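# What the coordinates show
This is what each chain is made of:
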Amino acid sequence: MHMDVVDKSQSGVRHDGDDPSASNKDTSIKQGVSKNYIVAIVSILIFSAIMRFRGLDTESFWLDELTTLHAISQGTWRATMEGWLSMVGMGTWLMYYWKLLVGDSDFALRSLSAITGVVLVFIVAEFTRRFHDEKAAIIAASMFSISHVAIMYSQEFRPYMFTTTFIWLSLL
């Protein structure tokens, strides 16, 4: 009686006792990121922050920003949430507490949008990396970081950027 010795590592067939993590690798999920990707994204985020915070207080509030400031300055949180701006929901809540935390100067209030604009650049990069690859993520983050409209909305005391950020977060 002759028995052939079978090399289980080359047979492609999973046998009882085999390590399931070794034979069941999912290549569609990218676990790690390269060092070059991290350096590129950090550089893009620094550039994005500079572009969004530069000149944040050079112009006084526009009428729509003053309307937003008035809407969140109703005294109490409840009075603010019962006003017309409550349709923004979480944005109203954020703006109300941000004003309590940082004060009511133009720069301080607009900085909430600038911060969320920078965070949004990172979210766009991560979304693209997860569903495509690192190169595409760097390109997408770069394009979004220099987008005139994204920079402009990141410099206003309106709920545009953090509403957009929450939408993108829901996609991750």
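About the thresholds
Residues numbered from 1 in each chain as written. Predicted model: local features only at pLDDT ≥ 70, side-chain atom pairs only at ≥ 80, totals over all residues. Heavy atoms only, no water. Helix = DSSP H or I, 4+ residues; strand = E, 2+ residues; numbered from the N terminus. Buried < 20%, exposed > 50% of the residue type's maximum accessible area, 1.4 Å probe, protein only. Contact = heavy atoms within 4.5 Å. Areas by Shrake-Rupley, 256 points an atom, 1.4 Å probe, with all protein chains shown as cover. Axes fitted to C-alpha atoms, helices over the stretch in contact; angles between N-to-C directions. Parallel < 35°, antiparallel > 145°, perpendicular 65-115°, else oblique. Nonpolar A, V, L, I, M, F, W, Y, C, P; charged D, E, K, R; others polar. 1 Å grid on protein atoms, 1.4 Å probe; cavity = no way out; pocket = protein on both sides within 12 Å on 5 of 7 lines; lining within 4 Å. Points joined across faces, edges and corners; volume = space filled by probe spheres on them. Salt bridge = Lys/Arg side-chain N within 4 Å of Asp/Glu carboxyl O. pLDDT = per-residue confidence, 0-100. Expected span 1.5 Å × (residues − 1). Arc of directions from axis to C-beta.

Below, the discussion takes up the overall build of the protein chain. Looking only at helices and strands, one finds 10 helices and 0 strands in the protein chain. Reading the protein chain from its N end, one meets helices and strands in the order α-α-α-α-α-α-α-α-α-α. Buried positions account for 31% of the 172 residues belonging to the protein chain. Residue pairs in contact within the protein chain that sit at least 24 positions apart in sequence constitute 71% of those at least 6 positions apart. Accessible surface, the protein chain: about 11000 Å² in total, of which carbon and sulfur atoms supply 63%.

Moving on, we get to the packing of helix α3 (residues 35–53) against helix α8 (residues 134–145). One way to put it is that α3 packs onto α8 with a least axis distance of 10 Å and a crossing angle of 10°. Considering the angle they form, α3 stands roughly parallel to α8. Contacts between α3 and α8 involve Y37, A40, I41, I44, F47, S48 and R52 from the first element and E134, A137, I138, A141, S142, F144 and S145 from the second. Broken down by class, the residue content of the contact of α3 with α8 amounts to 9 nonpolar, 3 polar and 2 charged.

Take the layout of surface pockets next. If you add up the space inside the largest pocket, you get close to 240 Å³. Around the largest pocket, the lining comprises 13 residues; the ones closest to its centre are G55, E59, W62, M152 and Q155. Ranked by the residues each element gives to the lining of the largest pocket, the list is headed by helix α9 (residues 148–153), at 3 residues. Of the residues that constitute the lining of the largest pocket, the class distribution is 4 nonpolar, 4 polar and 5 charged.

Let us now look at the pattern of salt bridges. Considering all chains together, one arrives at 2 salt bridges under this definition. For E126, the salt bridge identified is with R129, shortest N-O distance 2.9 Å. Linking E126 with R129, this pair stays in helix α7 (residues 106–131), spanning 3 residues, or about one helical turn. R129 matches E126 in its accessibility class, with the two residues each being buried. On the basis of relative accessibility, which here comes to 10%, the residue E126 falls in the buried class. Three or more residues joined by partner-sharing salt bridges are found here, namely E126, R129 and R130.

Per-residue confidence for the protein chain gives a mean pLDDT of 79; residues scoring 70 or more make up 76%. Residue range residues 6–15 is modelled with pLDDT below 50. Its contacts to residues more than four positions away, or to other chains, number 7 contacts. Here residues 19–29 is modelled with pLDDT under 50, and outside its nearest four sequence neighbours on either side it reaches 2 contacts, counting other chains as well.

With respect to the secondary-structure elements, P159 resides in the loop between α9 and α10 (160–171). Here P159 falls in the buried class, since its relative accessible area comes to 6%. Sequence separation of P159 and L94 is 65 residues, and the distance between their C-alpha atoms is 9.0 Å.

Further remarks concern α10. Between its first and last C-alpha atoms α10 spans 17 Å; for 12 residues at 1.5 Å apiece the expected length is 16 Å, and the two agree. Residues of α10 that are buried include every one of M161, F162 and T165, and no others. Down the axis of α10, the smallest arc covering the buried residues is 90°, so these residues share one side. The inward-facing, buried residues of α10 contact α6 (90–102), α7, α8 and α9.

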